[in-house]
2 protein chains.
Amino acid sequence: MPKVAIVQNILAANDTLAQEIRERLAERGVRALNLMSAPGAGKTTLLERTIAHLRGKLAIGVVEGDVETSNDAERIEAAGAQTVQINTQGACHLEAHMVRAAMDQLDLSCLDLLVIENIGNLVCPAGWQLGEDASAVVVSTTEGDDKPAKYPAMFAAAQVMIVNKLDLLPYVDYDVEKVKRQALAVNPHLRIFELSCRTGEGLDTWCNWLEAFAHAAGARKEAANE
Amino acid sequence: MPKVAIVQNILAANDTLAQEIRERLAERGVRALNLMSAPGAGKTTLLERTIAHLRGKLAIGVVEGDVETSNDAERIEAAGAQTVQINTQGACHLEAHMVRAAMDQLDLSCLDLLVIENIGNLVCPAGWQLGEDASAVVVSTTEGDDKPAKYPAMFAAAQVMIVNKLDLLPYVDYDVEKVKRQALAVNPHLRIFELSCRTGEGLDTWCNWLEAFAHAAGARKEAANE
């Protein structure tokens, strides 16, 4: 089956490159998070709020993936983070070679955390490692409460799930407990946060976790900078 | 470039099969609509409301595409339409060969319209013809008002755009006029509907259009049934 072999070779080459990225970041004491979701779940707004919340505590760099436009990168740059835009011009997910090219545009020596905002897509990004130390999937209360069951590969690949737009719960039919049950059935190790970027509810808890996650590389960074 | 050739061959084979499906449906007087959106924009709820609204006026069959689960097919069947579920088990879009296999499970002689509900994904489905006479993309007011600019291929491929969840406009930052402007910049021929499946606002106008669209094949159907 030559077609399968081609796909396997492409994925294997991607994973090798992802491991190189992971090691390169680790040498510089930078942790990486791959942030994924359906289009419009609120990844960029979450990043804006997170960057503002952790200003002075955590130096965050962002690789911003979009099919087209640099709208999101402009928003993230305005929020005060080093940002590089990747436009895939049609492709439905980021791949490791794109992230490696983007990393060359960043000054890693002054970063604690690199967030890679993936293309808005609940299917394809799940299969492609980018050199991240953890993956987070954002779901929102307006998307319907059956997404973990309908897109299980994404929830199996993630270490973190963020339920966003809690402020809209009064106006939609969405059972947060059902979503958590479905997600944990797919992936019992999933760490779950519930928040609203609009009201700020739950942002503290998420940012505390992210700071601890990023600082897990801190000792190594101090040694590297000495 | 052998990789490109493979992709081109796969797409060309898909388009040939899509044309066969289109002709087979036309012979039976059935029109087909490819319904696409991001996950959670409300395709299935829109279909439920549409089937109920057009009961007795239009016989609708549905091919229900999902990565996993048959939740949506069960909802559509309960709404009273002939339904076939396709589970792609990981794949991010429907292809024509899947629709052809699903069609064999439907009694086309009693249908006016076949709606193909694609995988929730604003990128990949746009490149794959399924034998449809028209494509519709559903966006919702909770997704952010920049989707046509960020996912232009989807809006270029569609003939219809439906702006759903108008009832949530008071609670979100969403500029409907901006979305319409962006979509029409990508595709000036786009037919646009604005509605709320929750309140019913705008459903009449949409259903009237869909009925006229389906009945464009009516004369042919009567001839075929004689």
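Residues numbered from 1 in each chain as written. Chains lettered and ligands numbered in written order. Predicted model: local features only at pLDDT ≥ 70, side-chain atom pairs only at ≥ 80, totals over all residues. Heavy atoms only, no water.

Q: Help me understand the sheet that holds strand β3 (residues 82–87) of chain B in this model?
A: Within a sheet, neighbouring strands are paired by backbone hydrogen bonds and run either parallel or antiparallel to one another. Residue and element names in this part refer to chain B. The parallel open sheet is built from 7 strands, whose spatial order is β3-β2-β4-β1-β5-β6-β7. Each edge of the sheet is formed by a strand with only one pairing partner; in this case those strands are β3 and β7 (191–194). The sheet shows a mean angle of 20° between the axes of neighbouring strands, taken without regard to direction. Pairing analysis gives 5 bridges linking strand β5 (residues 134–140) to strand β6 (residues 160–164), with the strands arranged parallel. (Pairing = 2+ DSSP bridges. Helix = DSSP H or I, 4+ residues; strand = E, 2+ residues; numbered from the N terminus. Axes fitted to C-alpha atoms, helices over the stretch in contact; angles between N-to-C directions.)

Q: Can you walk me through the layout of surface pockets in this structure?
A: Empty space among the atoms becomes apparent when a probe as large as a water molecule is rolled across them. By volume, the second largest pocket amounts to about 700 Å³. Forming the boundary of the second largest pocket are 37 residues, of which Gly144 of chain A together with Gly42, Thr45, Arg75 and Lys165 of chain B lie nearest the centre. Elements that contribute at least two residues to the lining of the second largest pocket include exactly α5 (147–150) of chain A together with α2 (43–53), β2 (60–66) and α3 (71–78) of chain B. For the lining of the second largest pocket, a count of residues per class yields 8 nonpolar, 12 polar and 17 charged. (1 Å grid on protein atoms, 1.4 Å probe; cavity = no way out; pocket = protein on both sides within 12 Å on 5 of 7 lines; lining within 4 Å. Points joined across faces, edges and corners; volume = space filled by probe spheres on them. Nonpolar A, V, L, I, M, F, W, Y, C, P; charged D, E, K, R; others polar.)

Q: Please clarify how the relation of the copies chain B and chain A should be interpreted in this entry.
A: Here two copies of a chain appear, and what relates them is a rotation about an axis with a shift along it. Note on the copies: chain B fits chain A at an RMSD of 0.0 Å, the axial shift is 0.0 Å, and the rotation between them is 180°. Overall, the copies show the geometry of a two-fold rotation axis. The overlap is high: 100% of the interface residues of chain B also sit at the interface in chain A, so the same surface is used on both sides. (Least-squares fit on C-alpha atoms with pLDDT ≥ 70 in both. Contact = heavy atoms within 4.5 Å.)

Q: For this particular structure, what's the right way to read helix α4 (residues 96–103) of chain B?
A: In an α-helix there are 3.6 residues to a turn, and that puts residues three or four apart on one side. By the burial criterion, the buried members of α4 of chain B are Ala96, Met98, Val99, Ala102 and Met103 of chain B. End-on, the buried residues of α4 of chain B take up no more than an arc of 155°, which puts them together on one face. (Buried < 20%, exposed > 50% of the residue type's maximum accessible area, 1.4 Å probe, protein only. Arc of directions from axis to C-beta.)

Q: What's the story with the sheet that holds strand β6 (residues 160–164) of chain A in this structure? I'm lost.
A: Residues and elements named next belong to chain A. Within the open sheet, the 7 strands sit side by side as β3-β2-β4-β1-β5-β6-β7. Their pairing is parallel. On the outer flanks of this sheet lie β3 (82–87) and β7 (191–194), each paired with one strand and no other. Strand-to-strand, the axes of this sheet are offset by a mean angle of 20°, without reference to chain direction. With 5 bridges joining them, strand β1 (residues 31–37) and strand β4 (residues 113–117) adopt parallel strand pairing. Residue pairing across strands places Leu35 opposite Glu117, the latter belonging to β4. Helix α4 (residues 96–103) rests against β2 (60–66), β3 and β4 of the sheet, and its axis sits at about 140° to β3. Running at roughly 160° to β7, helix α7 (residues 176–186) makes contact with β5 (134–140), β6 and β7 of the sheet.

Q: Can you help me understand the pairing of β1 of chain A in this one?
A: Taken residue by residue, a regular strand's side chains alternate between the two faces of the sheet. Residues and elements named next belong to chain A. Across the 7 residues that make up β1, a large majority, 7, are buried. Neither face of β1 is exposed, since Arg31, Leu33, Leu35 and Ser37 on one face and Ala32, Asn34 and Met36 on the opposite face are all buried. When β1 meets β5, the two strands line up parallel, connected through 5 bridges. From the neighbouring strand, Leu33 faces β5, where its bridge partner is Ala134.

Q: Before we go on, may I ask you to explain the pairing of β7 of chain B in this structure?
A: Residue and element names in this part refer to chain B. Relative to β7, β6 runs parallel, the two being bridged by 4 bridges. Counted as the bridge partner of Ile162 is Phe193 from β7. Between the parallel elements β6 and β7, the chain passes through helix α7 (residues 176–186) in a crossover that is right-handed. (Right-handed = clockwise from strand over helix to strand, strands pointing away.)

Q: How should I be thinking about the interface of chain B and chain A in this particular structure?
A: Taken together, the contact between chain B and chain A spans 35 residues of the former and 35 residues of the latter. Around 2700 Å² of area is buried between chain B and chain A when both sides are counted, 59% of it from carbon and sulfur atoms. Ranking the residues of chain B by area buried against chain A places Pro39, Lys150 and Tyr171 of chain B at the top, with a combined share of 22%. The tally of links from chain B across to chain A stands at 11 residue pairs in polar contact (both at pLDDT 80 or more). (Buried area = accessible area lost by both parts, 1.4 Å probe. Polar contact = N/O pair within 3.5 Å; in protein donor to acceptor, adjacent residues only side chain to side chain.)

Q: Explanation requested: the state of the cysteines in the structure shown.
A: Put plainly, two cysteines are in a disulfide when a covalent bond ties their sulfur atoms together. This model, assessed by the stated rule, comprises 0 disulfides over all chains. The thiol sulfur of Cys197 of chain B is not disulfide-bonded, and the nearest other cysteine sulfur, from Cys207 of chain B, lies at 9.1 Å. (Disulfide = S-S within 2.5 Å.)

Q: Before we go on, may I ask you to explain the environment of Leu94 of chain B in this structure?
A: Residues and elements named next belong to chain B. Mapped onto the secondary structure, Leu94 falls in the loop between β3 and α4. C-alpha separation for the pair Leu94 and Gln129, spaced 35 residues apart in sequence, amounts to 8.8 Å. For Leu94, the residues in contact, after removing those within four places along its chain, are Gly65, Ile86, Thr88, Ile116, Glu117, Asn118, Ile119, Trp128 and Leu130.

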